[in-house]
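Chain by chain, the residues run as shown.
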Amino acid sequence: MNRSIDLFDGHCDTVLMRYLQGGNFWKNDGHVDLERAGRYRRYAQFFAIWGQPEDFPGRDLRGMALWSIFQEEYNLFRREMADRQDRIRHCRTAAEAEAAFAEGKAAAFLSVEGAELLDCSLERLEEAHTLGVRAVNLTWNHKNALSGTNLEEPEKGLTPQGRAFVEKMGRLGMLVDVSHLSDPGFWDVAELVPGPFFASHSNARQVFSHTRNLTDAQFTAIIDHNGVAGLNLYAQFLGERVDLDTVVSHLEHWLELGGERSIALGGDLDGCSQLPEGFRGVEDWERLWERLLQRNYSEALLRALFFENLMRVVSEVCTM
């Protein structure tokens, strides 16, 4: 156990996993639980509400019915926050996270992966903000009314509705998440958002060529916006030979581009079927910390990558 490490992860799918499989946030057989996360001095996590029709065979989720999945998963999240209030607090701002840490609690931030869960609606977006959602992936893998994705209609950028959605997020103080978005959609976001945005769980396309990963130009744009990109642990987006050194290779490439203040963690834990060799879950982020120390990276840099960079972005964007 290493209680000297602070950890802020930008994306996990633990809410959906517990929704589908049962169990709780305190202790489960998935990638993320509070018992294992308790090894860190301060722990913050963006918990994504996510789900697509293929996750619910036999259930009719055409039209606007994904909003019902959002509501059901949100209610599960709120129950877990109430049941584990001695361990974790739902936070909306960096100040609320600091207050949670001062009480010895973890900080849970809430995101939505795929705006179709909000019907791609400005009204639903505002309602989600009221409920405490502070980040939204504009798309998952499926195209929607806002944009194409890296998989479906990858040549399509933001629609007029997508542009209005992004502008509304800015007024509400919500983080625009470009992971899964099409390349033209990314550049539309970069044009529309004056301040930070983030790619919560994406890697470097130059290191491993996959459309889910960021080009050097895209990562440089995130740097220019004072945003962050979160290292994704899903083996499919890392490379052919996948171990901790593969993860390090993505990180080091971004450091070569000047990304010291724009790299964060975004493990995609509970949302991926294959992790790097020897990586079991949230408890093993400390193995990456130790590997980087072995490579003579400073603890100051590691604190930035593991915690401070993402918290800075949350502090700047999520102000209400």
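Structural notes, computed from the coordinates.

The rules behind each value
Every chain's residues receive numbers from 1 upward, in the order its sequence appears when written. Where local features are concerned, this predicted model is filtered to residues with pLDDT of at least 70; where side-chain atom pairs are given and counted, the filter is 80 or more; whole-chain, interface and lining totals use all residues. Calculated side-chain values reflect all of the structure's heavy atoms, with hydrogen atoms and water omitted. What counts as a salt bridge is simple: a side-chain nitrogen of Lys or Arg found within 4 Å of a carboxyl oxygen of Asp or Glu. Counting from the N terminus, the helices are the DSSP runs of H or I reaching at least four residues and the strands are the DSSP runs of E reaching at least two. Orientation is described by axes fitted as lines to C-alpha atoms, over the contacting stretch for helices, and by angles from 0 to 180 degrees between their N-to-C directions. Throughout this description, any angle smaller than 35 degrees is read as roughly parallel, any larger than 145 degrees as roughly antiparallel, any in the 65 to 115 degree range as roughly perpendicular, and the remainder as oblique. Each helix crossing is assigned a hand: it is left-handed if the near helix lies turned anticlockwise from the far helix by less than a right angle, otherwise right-handed if that turn is clockwise. Residues are treated as being in contact if the distance between any of their heavy atoms lies within 4.5 Å. Basically, the charged four are Asp, Glu, Lys and Arg, the nonpolar ten are Ala, Val, Leu, Ile, Met, Phe, Trp, Tyr, Cys and Pro, and anything else, Gly included, counts as polar. The cut-offs for exposure are 20% and 50% of the maximum accessible area for each residue type, with area from a 1.4 Å probe on protein chains only; residues under the lower value are buried, those over the upper are exposed, and the others partly exposed.

**Some words on the pattern of salt bridges**
Counting across every chain of the model gives 26 salt bridges. A salt bridge links R18 to D29; the shortest N-O distance between them is 4.0 Å. Of this pair, R18 sits in helix α1 (residues 14-21) while D29 sits in the loop between α1 and α2 (34-37), placing them 11 residues apart in sequence. Note that D188 and R163 form a salt bridge whose closest N and O atoms lie 3.3 Å from each other. One end of the pair, D188, is in helix α7 (residues 183-192); the other, R163, is in helix α6 (residues 160-172), with 25 residues separating them in the sequence.

**Here's the deal with the packing of helix α10 (residues 285-294) against helix α11 (residues 299-317)**
Orientation of α10 relative to α11, taken along the N-to-C sense of each, is 150 degrees, at an axis distance of 10 Å. Taken together, the axes of α10 and α11 are roughly antiparallel relative to one another. Here α10 runs over α11; the crossing is right-handed. Contacts from W285, L288, W289, L292 and L293 of α10 reach α11 at E299, L302, R303 and F306. Across the contact of α10 with α11, the residue classes break down as seven nonpolar, no polar and two charged.

**Looking at the side chain of H129**
Tracing the sequence through the fold places H129 in helix α5 (residues 122-130). Assessed through its relative accessible area of 12%, H129 is described here as buried. For H129, the residues in contact, after removing those within four places along its chain, are R134, L172, M174 and M320.

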